[in-house]
Structure formats: C-alpha cells, structure tokens
Amino acid sequence: MNRTMIHRHETGVSAYFCGSVDDICARRLKRTLRFGISLIKMRGWICCWVQVRKNFTTLFVGIIFAALLILGVNFHTSSELTPRQEILDAHSPRRNMSETVKSFRSCQPKRNVMFLKTHKTASSTILNLLYRFGEKHGLTFALPTHYQFGYPSLFSSRRVKGFLQRDGPHYNIMCNHMRFNRPEVQKVMPADTFYFSIVRNPVTLAESSYSYYKSVAPSFKRSVNFDAFIANPWRYYLPQLHNNHYARNLLWFDFGFNHNANFSLKVAQAGVDEIQQSFHLILLAEYFDQSMVLLRDALCWPLDDIVTFRLNFRSKDTRRRLSVEQEERLKQWNAMDWYLYQSFNKTFWQRVERFGNSRMDQEVASLQARRKELMDLCLLQGGKPAEASQILDRGVRPFQFGQAKILGYNLNLNLSLSDKEYCLRMIMPELQYKDLLDSKQFPRAEGVPKQAVAKEGIRPQANVHLVLQDQ
C-alpha cells in the first residue's frame, strides 16, 4: 500500500468514524495505520469514542440542566394555587366536595330574581335584602303602581309600573305582594329568572293573621275572639265575602289557588306539583337562618347581602299560645295550607341534607355572628327593638295596622356617613324603601316626591296597606 493510498484510507476512516476529529487525533491515526489496518481501526474507534463521550457528556449535562429548570418551574407553579383552588382547599374540610366543586365551577351570581312575598312569613325581611342588593348593583325593579300588584286579584303584567308587553324595559327583581299567576309573571321577567318563596306553619300563621286582619276579614270581625273562631270557624265564615281569604288557607291563596276548595289528596298534590314546577326554592319561616344559607347558596351572593335584621314583627305581648286541640282544629280548617307546608318542609330538609348538615351549622354560625357585628355597629342598645313612638327617626318608623304593635329600630348616633347610609337601608321598612326605589327608577313622576315618604316619615293611606306585616 503506497503513501497516497494510505493517506486516502486514513482520511476516509477518520471522517467515517470521527467526523470532526482534531489534528492530534488525526496525526496519531496516521502513525497507527503503518502497523496495519486492524490497529488503525482499533485506535480510530478509541479516538472516536473519546470524542463521542465528550459530546455525549455535554449533551447529558444540558439535558439534566434543562430538566431541573422544568422541574423547578413546575414546582413553583404547583405551590401557588389559583383562587378557585384556594377556595376549594379552604372549604373542603367543611363542605361536601362534590357540592363545592360544582358550586365553584358553575356558580354565577343571579341577578334576575322573582320572590313571591307571602303573608305572615317574615317576607318583609327578605324583601329588604332584595331591595338592598338591587339598589347596590343598579338593578331594575318591577314595581307596583302603589305597594302591591293588585292584590287580592291574580297578578297581571299591566300592574307593573312602566311595563309595556312588547317593548317594556328589562326587569331584574320582582318582590312585592301579589297573588301568583305564572303566565303573567313570565311576560315581565327574563327566562333565566330564579323563583323562590317562603311558607310558614299554618297554625302560627292563622294566629298572626287574626291579630292583623280582625278588622278586615269578615270572618274575624264576626267572631268575639280567636278562641271562638277556632271552636267553630263555619259559624263565622262566608266563602264569597271579600277579604275572607285571610281567614282560610292564606298560603294556598297567595300561590294562586282556590282557598275554598274542599280538601282532597289529588287536588292538594296537584297544587304542590305546580309550585315545584314554578319555583326553584321554597324556604321555611321557622328556620329563617337555615333558609338564608340555602338562598345564599342558590343565588351565589356574598354573606353581607343576605344578612338581615328582623323587620315588620310584632311585640310578644300580643301573641298567644294555643292548645294542642286548637292546633289540630286549625290544621283541619287550613287543610290545603297544612298539606303544602308539610310537603315543602320535607323538601327543605332534603335540600339541607344535600347541602351538608355540618356545613349548614357552620354557615348559620357565620351568618349569626355577622348579624351580631352589624347590629352592634348599627343599632342602639345592641339592636333592642323599639315601638314606633320610641323611634327617633320618623322616616324609619314601621307602618302600624291591626291589634299588634309593629316594632322597629333606632340607629346608633355616632355612625360615620357611609355607615349610617348602610345601616339605614338595613332597618328601612318596606313602604319607605319601595318609595325610595320608585323615586330613583321614575325620577320624573308627578306628585309629591316619593323620597319624602322615606325621609319625612309620611305614612301611606291605610286602605292600601292591609297585607304588609309578617308576624
């Protein structure tokens, strides 16, 4: 083999095995080729291995470094939870996880709300929180021309102030007294409206109703006292007389049904089924705080938006206790209401069970604690109720009607301007608050400015406010 051939061969071997072999490695290969092709291959492999190992080491170090960077980023990211994750982790020990995940994945605050304001059920207190929420967020109310939507007639969309069926405004909240009529309500409210109402045990409801409406309901007028009425209701009751719905099956009447219908299981169940189809949630007056927790969960509202002070309630000295026999007579007399109440009492506690009993207890405690904080801030004497004549601000004196004394509150005298405005809304009775909202929504309305009712304590005429008090 001559030098030319050897040179070409060694160059080919070097290029083939090593590619970019350095000069030192090439010179060594030239010398080794003189001892034979086998030795050339051996040395060439060694040289190439050294170079490849060098390149591989560099590559391996790069891979390790990159991997560490990636792991570092992932570790950093996983240590910082998203807001939703933080909420889930914070509440997971207290809540049913499936309900928690569901609520935070799909929960959006509801702003289109219809509340059927039933009578004698703490509904004025709920009305206040709806008024406050709507006013705070600049929502539009479907307001009656006066203070109720033509009650006791069935609701009609023409009763909504400013509503035109074809091109009327968009309404967010409807919550004043009415006798429910779903087709007409649906003409006014958006398709995604959340419907809810509240019911009360017909026994205590009947006792309260007698106290308020004795001078209004013919059956109550004719009876000497409540004991006499309970002993023999048919002696005093005439179905055809106006306002006698206050004396029998008042809840059934408010939901739009015939309160004089003879009880049958078929008719009663059909009515309950219809209510369930129309309403997303039915609350219980006897379990008001639990009801507020369920309402907050359904509406996805902040805690402060469902914190309330008790409004339109009567003094204890006008309430009376009933015997077991009297209670049974009232259940029979208000059989439709009793069946309705039993049905929604059952669905209420089923809902609480799904919500989680321990979670309910904790959220009720939070609600009560926050209410106590606000009462200490806003009210004189820690929130002790006062009779109307003892309330310093005439603009927040509750409307008085019937045999009972309707109580209200006095504000603390040393509140800041912002706190005073906030606290004033929490104690404002429904008549004054409705007038205030009316003046904002219809600022060009003729006549006496509605704000005067809220600020100066002008009392509306009694003949249009027969159905306002709750307890």
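So, here's what we can say about the structure. (Residues numbered from 1 in each chain as written. Predicted model: local features only at pLDDT ≥ 70, side-chain atom pairs only at ≥ 80, totals over all residues. Heavy atoms only, no water.)

Brief notes about the environment of Arg 359
By the secondary structure assignment, Arg 359 is in helix α16 (residues 357-378). Judged by relative accessible area, Arg 359 falls into the buried class, the value being 3%. For the pair Arg 359 and Val 293, spaced 66 residues apart in the sequence, the C-alpha separation amounts to 10.0 Å. Within polar-contact distance, the side chain of Arg 359 engages the backbone oxygen of Phe 355 at 3.5 Å. (Helix = DSSP H or I, 4+ residues; strand = E, 2+ residues; numbered from the N terminus. Buried < 20%, exposed > 50% of the residue type's maximum accessible area, 1.4 Å probe, protein only. Polar contact = N/O pair within 3.5 Å; in protein donor to acceptor, adjacent residues only side chain to side chain.)

What to know about the sheet that holds strand β2 (residues 173-174)
As summarised here, the arrangement of the 4 strands in space is β2-β1-β3-β4, forming an open sheet in which the pairing is parallel. Across the chains shown, the open sheet's two edge strands, defined by having one partner strand only, are β2 and β4 (281-284). Relative to β4, strand β3 (residues 194-199) is paired through 4 bridges, and the arrangement is parallel. By the bridge assignment, Ser 197 is partnered in β4 with Ile 282. Most of the contacts of helix α13 (residues 288-299) go to β4, to which it runs at about 160°, and overall it touches β1 (113-116), β3 and β4. (Pairing = 2+ DSSP bridges. Contact = heavy atoms within 4.5 Å. Axes fitted to C-alpha atoms, helices over the stretch in contact; angles between N-to-C directions.)

Some details on the nonpolar core
Among the nonpolar cores identified, the biggest contains 113 residues, and Ile 126, Leu 130, Met 174 and Phe 196 are the most heavily contacted of them. Discounting residues that sit within four places of it in the chain, Phe 196 has contacts with Val 113, Met 114, Phe 115, Leu 116, Ile 126, Leu 130, Phe 279, Leu 281, Leu 283 and Leu 295. (Core = buried A, V, L, I, M, F, W, Y, C linked by side-chain atoms within 4.5 Å.)

Looking at the side chain of Asn 334
Along the chain, the position of Asn 334 falls in the loop between α14 (324-333) and α15 (335-355). For Asn 334, a relative accessible area of 4% gives the class buried. Every residue in contact with Asn 334, bar those within four places of it in the chain, is listed here: Pro 202, Ala 206, Ala 247, Arg 248 and Asn 249.

Section: the state of the cysteines
Throughout the structure, instances matching the rule amount to 2 disulfides. Between the sulfur of Cys 107 and that of Cys 300 lies a disulfide, 1.9 Å long from S to S. One end of the pair, Cys 107, is in the loop between α5 (97-106) and β1; the other, Cys 300, is in the loop between α13 and β5 (313-314), and 193 residues separate them in sequence. Disulfide partner of Cys 378: Cys 423, at an S-S distance of 2.0 Å. A torsion of -65° about the S-S bond marks the disulfide between Cys 378 and Cys 423 as left-handed. Here the residue Cys 378 occupies a position in helix α16, and Cys 423 occupies one in helix α17 (residues 417-427), the gap between them amounting to 45 residues. (Disulfide = S-S within 2.5 Å.)

Shape is all these values report; function is a separate question.
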